Amino acid sequence: MIPWTIATLVALVLLAFARGAYELRRSVAQVQASLLSLQLDRIEDLYKEGLERLRERLRVELPDELEAAAAQLDQLTRSPRIKEAFATPELYWRFVLPLGALVGELIRRHGKARWEQDPQGGLVLRVALPDGRELTSRPFDRVLRHRLSGRPGELKAYILFAARDSADT
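Residues numbered from 1 in each chain as written. Predicted model: local features only at pLDDT ≥ 70, side-chain atom pairs only at ≥ 80, totals over all residues. Heavy atoms only, no water.

A.B. asks: What is the right way to read helix α6 (residues 139–149) from this model?
C.D. replies: Since one α-helical turn is 3.6 residues long, residues separated by three or four positions face the same way. Residues of α6 that are buried: Pro139, Phe140, Val143, Leu144, His146 and Arg147. Looking straight down α6, one finds its buried side chains confined to an arc of 160°; they lie on one side. (Buried < 20%, exposed > 50% of the residue type's maximum accessible area, 1.4 Å probe, protein only. Helix = DSSP H or I, 4+ residues; strand = E, 2+ residues; numbered from the N terminus. Arc of directions from axis to C-beta.)

A.B. asks: Just to check I follow, could you spell out helix α2 (residues 43–58) for this structure?
C.D. replies: Taking 1.5 Å of rise per residue, the 16 residues of α2 would be expected to cover 22 Å, and the 21 Å separating its terminal C-alpha atoms lies within 8% of that figure. Within α2, burial applies to Ile43, Leu46, Tyr47, Glu49, Gly50, Arg53, Leu54 and Leu58. Projected down its long axis, α2 shows its buried positions confined to an angular sector of 165°, all on one face. The elements touched by buried residues of α2 are α3 (66–77), α4 (81–86), α5 (96–110), β1 (113–117), β2 (123–128) and α6. One or two positions beyond α2, positive phi appears at Arg59, with a value near 60°. (Expected span 1.5 Å × (residues − 1). Contact = heavy atoms within 4.5 Å.)

A.B. asks: Teacher, can you tell me more about the environment of Gly122 here?
C.D. replies: With respect to the secondary-structure elements, Gly122 resides in the loop between β1 and β2. Classification of Gly122 as buried rests on a relative accessible area of 2%. Between the C-alpha atoms of Gly122 and Leu35, which are 87 residues apart in sequence, the distance is 5.5 Å. Each residue touching Gly122, except ones within four places of it in the same chain, is listed here: Leu35, Leu36, Leu38, Glu116 and Gln117.

A.B. asks: Looking at this structure, how should I read the layout of surface pockets?
C.D. replies: Where empty space is left can be seen by rolling a probe of water-molecule size over the atoms. When its volume is computed, the largest pocket comes out at roughly 170 Å³. Every element with two or more residues in the lining of the largest pocket is listed here: α1 (2–36) and α6. Residue classes in the lining of the largest pocket are distributed as 6 nonpolar, 4 polar and 3 charged. (1 Å grid on protein atoms, 1.4 Å probe; cavity = no way out; pocket = protein on both sides within 12 Å on 5 of 7 lines; lining within 4 Å. Points joined across faces, edges and corners; volume = space filled by probe spheres on them. Nonpolar A, V, L, I, M, F, W, Y, C, P; charged D, E, K, R; others polar.)

A.B. asks: Just checking my understanding: could you explain the packing of aromatic side chains for this structure?
C.D. replies: Remark: the centre distance and the inter-plane angle together describe each pair of aromatic rings, the angle taken between the planes. For the structure shown, the criterion picks out 2 aromatic pairs. With a centroid separation of 5.7 Å and 40° between ring planes, the pair formed by Trp115 and Phe140 is classed as tilted. Residue Trp115 is located in strand β1, and its partner Phe140 is located in helix α6; the two are separated by 25 residues in the primary sequence. Since its relative accessible area comes to 3%, Phe140 is described here as buried. Against the face of Tyr47 rests Arg109, its NZ or CZ located 4.1 Å from the ring centre. (Phe/Tyr/Trp six-rings, centres within 6.5 Å; stacked < 30°, edge-to-face > 60°. Lys NZ or Arg CZ within 6 Å of the ring centre and 35° of its normal.)

A.B. asks: Just checking my understanding: could you explain the sheet that holds β1 for this structure?
C.D. replies: For sheets, the rule is that strands pair by backbone hydrogen bonds, running either parallel or antiparallel. Taken in spatial order, the 3 strands of this open sheet run β1-β2-β3, and their pairing is antiparallel. Of all the strands in the sheet, the pair left with one neighbour each is β1 and β3 (134–137). In this sheet, adjacent strand axes meet at a mean angle of 30° when their direction is disregarded. Judged from the 4 bridges that link them, β2 and β3 form a sheet pairing that is antiparallel. Note that in β3 the partner of Ala128 across the bridge is Glu134. Most of the contacts of α5 go to β1, to which it runs at about 135°, and overall it touches β1 and β2. (Pairing = 2+ DSSP bridges. Axes fitted to C-alpha atoms, helices over the stretch in contact; angles between N-to-C directions.)

A.B. asks: Sorry if this is basic, but what is going on with the nonpolar core here?
C.D. replies: A general tendency of soluble globular proteins is for nonpolar side chains to be buried together. Counting residues in hydrophobic clusters, the biggest one holds 44 residues, and the most contacted among them are Leu73, Val96, Ile107, Phe140 and Ile159. Considering each element in turn, this core owes the most residues, 8 residues, to α5. Filtering out sequence-adjacent residues up to four positions away, Ile107 remains in contact with Lys112, Ala113, Leu125, Val127, Tyr158, Ile159, Ala162 and Ala163. (Core = buried A, V, L, I, M, F, W, Y, C linked by side-chain atoms within 4.5 Å.)

Structure representation (structure tokens):
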């Protein structure tokens, strides 16, 4: 009797993990598809939405100072509360869009960068570096990767590198 009980419990746990993995993959695929259809005229609205939702739903004001804002976005992206603050019935991981716009706009406003349509779909940020090279940055993808597997401080370092290094040009 006990072996069947244990086997049943193990099966239920495995089923729960499998369902969780499936839901995670589905949510990531949905947000990646939505990123491919982003247009330049959506950046300002997404930026404003990000600031508004952080303020209204999470009671967080994004600081004006670059390093403090970068640190806060780094922490918020990995917070369990962030999904619910931005989720819609159509897109549970919607937070990637406004947070990606916030990250990109921090870099653009504090450095030398410009948004462009990506020929492969979606948007990229072109960042001018002091040595004359140009970095192609994908803030939305960076937010998604930070949520999935980033370590504390990685998103902050990315923002500071792109914004500060490009501001010196």
